[in-house]
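# Coordinate inspection notes
What follows is each chain in one-letter form.
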Amino acid sequence: MKLLLLSQDLMLTARTEGVARRLGLTLVSQCNLVAAELDACQLIVIDLTLPGLDLNSIVEQVCPVQIPIVACAPHVHEARLSQAREAGCDLVVSRGQWDRDA
C-alpha cells in the first residue's frame, strides 16, 4: 500500500514520508500523476504550488477509484487553497497545518 505525493518540494516530501511511515504506507513521490501509481494507493497528497498542476484533471482521474486527496499550500496562497476545495479535494490545509498536524 502506498501514499502518493505530487510535489517537488523536498521539505514536504520529508514531512510526508513520516506520515506514510506512521500509516504503514510506502511513499511514492512524483511530479505528475501517473495512472499506474493509483494501484494500491491509499492516499494522495498534492502540493498546490507544483508548477503546471492541473488539479481538476487529477481530481477527475482519482474520483472513480475513490482515493482520498489531501491538498496543501502555504497559507498565503488562499486562491489555490480555495480552488482545491472547489475541485473536490477531501482535505485542504495550509502547509503549516500539514507540518504540524500530519
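In what follows, the structure referred to is the one given above.
Residues numbered from 1 in each chain as written. Predicted model: local features only at pLDDT ≥ 70, side-chain atom pairs only at ≥ 80, totals over all residues. Heavy atoms only, no water.

Here the focus is the side chain of arginine 95. Within the element layout of this structure, arginine 95 appears in helix 4 (residues 95-101). With a relative accessible area of 14%, arginine 95 lands in the buried category. With residues near it in sequence (within four places) discarded, arginine 95 still touches Asp9, Met11, Leu12, Cys72, Ala73 and Pro74. (Helix = DSSP H or I, 4+ residues; strand = E, 2+ residues; numbered from the N terminus. Buried < 20%, exposed > 50% of the residue type's maximum accessible area, 1.4 Å probe, protein only. Contact = heavy atoms within 4.5 Å.)

As enumerated under the stated definition, the model contains five salt bridges in all. Its salt-bridge partner being arginine 100, residue aspartate 101 comes within 3.3 Å of it at the nearest N-O pair. Like aspartate 101, the residue arginine 100 is exposed in the burial classification. (Salt bridge = Lys/Arg side-chain N within 4 Å of Asp/Glu carboxyl O.)

Spacing of three or four residues puts side chains on the same side of an α-helix, whose turn is 3.6 residues. For helix 1 (residues 10-23), which comprises 14 residues, the first-to-last C-alpha distance of 20 Å matches the rise-based estimate of 20 Å (1.5 Å per residue) to within 8%. Those residues of helix 1 that are buried lie in contact with strand 1 (2-6), strand 2 (26-30), strand 3 (41-47), strand 4 (69-73) and helix 4. At the N-terminal end of helix 1, a side-chain oxygen is found 2.8 Å from the backbone nitrogen of methionine 11, two or three residues along, and the residue is aspartate 9. Of the residues one or two after helix 1, glycine 24 is the one with positive phi, at around 75 degrees. (Expected span 1.5 Å × (residues − 1). Polar contact = N/O pair within 3.5 Å; in protein donor to acceptor, adjacent residues only side chain to side chain.)

Another aspect to go through is the pairing of strand 5 (residues 91-94). When a strand is regular, its side chains alternate between the sheet's two faces. As judged from the four bridges shared by strand 4 and strand 5, these two strands associate in the parallel manner. Paired with alanine 71 across the strands is valine 92, a residue of strand 5. Traced from strand 4 through helix 3 (residues 78-87) to strand 5, the parallel crossover comes out right-handed. (Pairing = 2+ DSSP bridges. Right-handed = clockwise from strand over helix to strand, strands pointing away.)

Reading across from one edge, 2-1-3-4-5 is the order of the five strands in this open sheet, with parallel pairing throughout. Two strands lie at the open edges of the sheet, namely strand 2 and strand 5, each paired on one side alone. Strand-to-strand twist in this sheet, taken as the mean axis angle between neighbours without regard to direction, amounts to 20 degrees. Note: strand 1 against strand 3, five bridges, orientation parallel. Bridge assignment links leucine 6 to a residue of strand 3, and that residue is isoleucine 46. Those strands touched by helix 1 are strand 1, strand 2, strand 3 and strand 4, and its axis lies near 165 degrees from that of strand 1. In the packing of helix 2 (residues 55-62) onto the sheet, contacts are made with strand 1, strand 3 and strand 4, and the angle to strand 3 comes to roughly 175 degrees. (Axes fitted to C-alpha atoms, helices over the stretch in contact; angles between N-to-C directions.)

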